Amino acid sequence: MITAILNARVLDPATNTDTIGGAIIDSGKIAAWGTGVKAAPGGADQIIDAGGLCLAPGLIDLRVKTGEPGEEHRETLETASRAALSGGVTQFVVMPDTTPVIDDVALIQFLTRDTPGVSARIHAAGALTTGLGGTAMAEIGLMKEAGAVFFTNGDHPIEDAAIHRRTMAYATSHGAIVASRPDTASLRGSGVMNAGSFAARLGLKGIPGEAEWIGAARDLMLAEATGCRLIVDQVSSPRTLDLITEARQRGVEAGCTVAAHALFFNELDVGDYLTYCKVNPPFRSEADRQGLIAALAAGEIDAVVSAHDPQPPEQKRLPFAEASFGAAGLETTLAAVLHSVHDGPLDLLDALRVLTCGPADLIGLEGGRLAEGAPADLILFDPDRPWKCERENLITRSTNSPFDGRLLQGRVMRTFVEGRTVFERDA
Amino acid sequence: MARIDAEYAFKGPHLLGLMGLNPLQLTSILDRADHYAEMARAGHRGDRLLENQTVINLFFENSTRTMSSFEIAAKRLGADVVNMPVSASSVNKGETLIDTAMTLNAMKPDVIVIRHSASGGVKLLSRKVDCAVINAGDGMHEHPTQGLLDTLTIRREKGKIEGLKVVICGDIAHSRVARSTTYALHQLGARVRLVGPRTLIPSDAADWGAEGVFTHMDDALIDADVVMMLRLQLERMDGAFLPSRREFFRFYGLTQSRLALAAPDALVMHPGPMNRGIEIESAIADGPRSVITEQVEMGVAVRMAVLDMLSGRAAP
């Protein structure tokens, strides 16, 4: 089956391409792309006039939580896949924070099986410790063999430095990457939002920046000692980026991710105790937000993640301190990043880079770039199209989106996986 | 047979470890042990070199096999043997190590064989007694008679040590056997490769005299002449050194397909006791290349040799 996509603004961050052209898809692979594609070849089965929309590689999201297995009422792999595809995400990595925890080969195979109704490519991240308990090492070698793309302790960063060091050393000897959200449990304490005068005014306990900086410094030094390839996951403060830069100068192979919502919101958006804005790491100060955007523009951030975390209403309709952490994000990631293009210093290719080849290269995934012979995972999107995020209209099963009620710009109109249209929005 | 009395021979006064012994000294013990091994096989019960001498087995760590091996060796030489296992030890009543040593010393034994859980513990005791001391294993430090019996077993099977590729696999970091055996083999010219999970290999293992340190077992086994598997202490799952037994077996267990990577006439060794199915497949432990029972046999011979060379103040 041959499909021609014509009349598009073709964007490929990997090759710094921003040009008018198109793409030819043959049998699910990209046969040709770029400025040379001006007309459909004879024998094309399908001709799509993109009408000036942007054509880009399908987005890659390295941090998505679902409720499968164990809490399917929050989100299943199928609903997550549909939500992802509507947001232009064609590949995502599922976190091991499920019930049971993904700490066994059988569960890796469960997550990556071919499920009818799941068209996005789903990868599994394995737990570093059994049950994410932080004390006993999980079967990292066996899970790596079964296809786990990296290892993490999810939302339960390992507190014991010796154990974290051993899991890093062991994972490294099996060629595995470790992702760790930098945190220090005792400093985070029972904090629920960014520490500062706003938290004080609301009467809420704060999470100080030191919790993240000390955690990051520790993880980076352990990575240096063990030779581990480390991803510092969900950086929320520019100071953490300074630590990463310094570690890289010492030869540490450290990458980093930032949550899309951290580029869009600051601590003031908690507003009137809005629990959809209760996330960990929390929305920080406006200066922090601007610092993250500047770092993104300077190429210091490898990937932006949705940090999608579906939380059911009964966990969010509570006083702020009692509500659960977590925000839905699969459908709003692109718009959140484009916000810094429309209202900030970022240019479109750099914005796409951290959603495509950046994450692909960070963990060695195929995809995230336009190339002859590559699988045709593509999106057509309108970077300027305005829309209002209304949670009733979100596809994700749990609609705890901090973007609820917000006006956004940037919308995916069509998504292809292996050349097939798996999502199409009515214009 | 006339006793070896050459200038280069091992003379003691203690055997606290193999590190520091030169190849001639090591060889002198092996040669003496070889003599005792042949004697035992010929059914000859041996010279009563240690008649009227007292050998005390002072074991602060449980061990039936090593203690029995020393007991049999001493009795074959005619000595009076007193076993003091940890359960019977007055250390349980709170007596300090030094007090225990001084108490025993006052009873004027000829040899004390000591096993202790602290590295350096045996050396400390040796300074407080007047008799000869043999280290039966101190913490993670040394197990000299094990190193000697491993070396002797290889020498008898292969006819030499020099140039042989010997692979030692398992929990290297916590193994006194790995330290003693690697040292002895290296001194005598063997090429030792250490293999284990990254969390169980100390960072300085390359300084022990090994020609290579590996975390990938298949790479280490290529053309090996000897494959020595170490016992995995199952407590290593606590403390997060390892995930599980099945993962250890998957990546570090000696299977038929792994053994096929080694030389066709490679020896399979294990200091015992074995965890069948965790570090070694049962069939291999019982198979034709296994010399595990010969190791035990050589253990008695080596211990007779050491007792002889340390306590033989009285000529026959």
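Right, let's walk through the structure included here. Because the structure is a prediction, the values reported are computed rather than measured.

Here's the deal with the overall build of chain A
Thought 1: Counting its secondary structure elements, chain A contains 14 helices and 18 strands.
Thought 2: Over its C-alpha trace chain A gives a radius of gyration of 21 Å, about what one expects of a compact globule, namely 22 Å for 427 residues.
Thought 3: Once the C-alpha set of chain A is aligned to its principal axes, its extents read approximately 65 × 45 × 45 Å.
Thought 4: Per-residue burial over chain A gives 60% buried out of 427 residues.
Thought 5: The long-range share in chain A, meaning contacts at least 24 apart out of those at least 6 apart in sequence, stands at 74%.
Thought 6: Carbon and sulfur atoms form 49% of the exposed surface of chain A, whose accessible area is close to 15300 Å².
Thought 7: Measuring between centres, the 37 positive side-chain charges of chain A sit 2 Å from its 55 negative side-chain charges.

Describing the sheet that holds strand 5 (residues 165-169) of chain B
All names here are of chain B.
Thought 1: Here five strands make up an open sheet; going across it, the order is 7-6-5-8-9 and the pairing parallel. Since the sheet does not close on itself, it has two edges, and those belong to strand 7 (210-214) and strand 9 (267-269), each with one partner. In this sheet, neighbouring strand axes are inclined to one another by 20° on average, regardless of whether the strands run parallel or antiparallel.
Thought 2: Sheet topology places strand 8 (residues 226-229) next to strand 9; three bridges connect them, and they run parallel. Counted as the bridge partner of Met228 is Met269 from strand 9.

A word on helix 7 (residues 209-226) of chain A
Residues and elements named next belong to chain A.
Thought 1: The end-to-end C-alpha distance of helix 7, which contains 18 residues, comes to 26 Å, matching closely the 26 Å that a straight helix rising 1.5 Å per residue would cover.
Thought 2: Of the positions making up helix 7, those classed as buried are Gly209, Ala211, Glu212, Gly215, Ala216, Asp219, Leu220, Leu222, Ala223 and Thr226.
Thought 3: Residue Gly227 follows helix 7 closely and has a positive phi angle near 75°.

Looking at the pattern of salt bridges
Where charged atoms of side chains with opposite charge meet at close range, the side chains can pair.
All names here are of chain A.
Thought 1: Considering all chains together, one arrives at 42 salt bridges over all chains under this definition.
Thought 2: Residue Lys29 pairs with Glu418 through a salt bridge whose shortest N-O separation is 2.9 Å. Taken as a pair, Lys29 in strand 3 (residues 29-34) and Glu418 in the loop between strand 17 (407-417) and strand 18 (420-424) lie far apart in primary sequence, 389 residues in all.
Thought 3: When its relative accessible area of 30% is taken as the criterion, Glu418 is described as partly exposed.
Thought 4: Ionic contacts of the salt-bridge type, sharing partners, join the residues Arg63, Lys65, Glu71, Arg74, Asp155, Arg181, Asp183, Arg188, Asp233 and Asp309 into one network.

A short note on the sheet that holds strand 3 (residues 111-116) of chain B
All names here are of chain B.
Thought 1: The strand order across the open sheet built from four strands is 2-1-3-4, with neighbouring strands paired in parallel fashion. Both outer strands of the open sheet, strand 2 (80-84) and strand 4 (132-138), are each paired with one neighbouring strand and no more. Between one strand and the next, the sheet's axes are offset by a mean angle of 15°, whatever the strand orientation.
Thought 2: For strand 1 (residues 54-59) and strand 3, the ladder comprises five bridges, and the chain directions are parallel. Bridge pairing links Val55 to Val111 in strand 3.

Thoughts on the packing of aromatic side chains
All names here are of chain A.
Thought 1: Taken as a whole and assessed by the stated rule, the structure comprises five aromatic pairs over all chains.
Thought 2: Residues Phe265 and Phe283 carry aromatic rings whose centres are separated by 4.9 Å and whose planes lie at 20° to one another, so their mutual orientation is stacked. A residue pair is termed long-range when its members are at least 10 positions apart, and Phe265 in the loop between helix 9 (260-264) and helix 10 (286-297) and Phe283 in the loop between helix 9 and helix 10 qualify at 18 residues. The exposure classification of Phe265 matches that of Phe283, with both residues buried.

Analysis parameters
- Residues numbered from 1 in each chain as written.
- Chains lettered and ligands numbered in written order.
- Predicted model: local features only at pLDDT ≥ 70, side-chain atom pairs only at ≥ 80, totals over all residues.
- Heavy atoms only, no water.
- Helix = DSSP H or I, 4+ residues; strand = E, 2+ residues; numbered from the N terminus.
- Rg over C-alpha atoms; globule rule 2.2 N^0.38 Å.
- Buried < 20%, exposed > 50% of the residue type's maximum accessible area, 1.4 Å probe, protein only.
- Contact = heavy atoms within 4.5 Å.
- Areas by Shrake-Rupley, 256 points an atom, 1.4 Å probe, with all protein chains shown as cover.
- Lys, Arg positive; Asp, Glu negative; His and termini not counted.
- Charge placed at Lys NZ, Arg CZ, Asp CG, Glu CD.
- Pairing = 2+ DSSP bridges.
- Axes fitted to C-alpha atoms, helices over the stretch in contact; angles between N-to-C directions.
- Expected span 1.5 Å × (residues − 1).
- Salt bridge = Lys/Arg side-chain N within 4 Å of Asp/Glu carboxyl O.
- Phe/Tyr/Trp six-rings, centres within 6.5 Å; stacked < 30°, edge-to-face > 60°.

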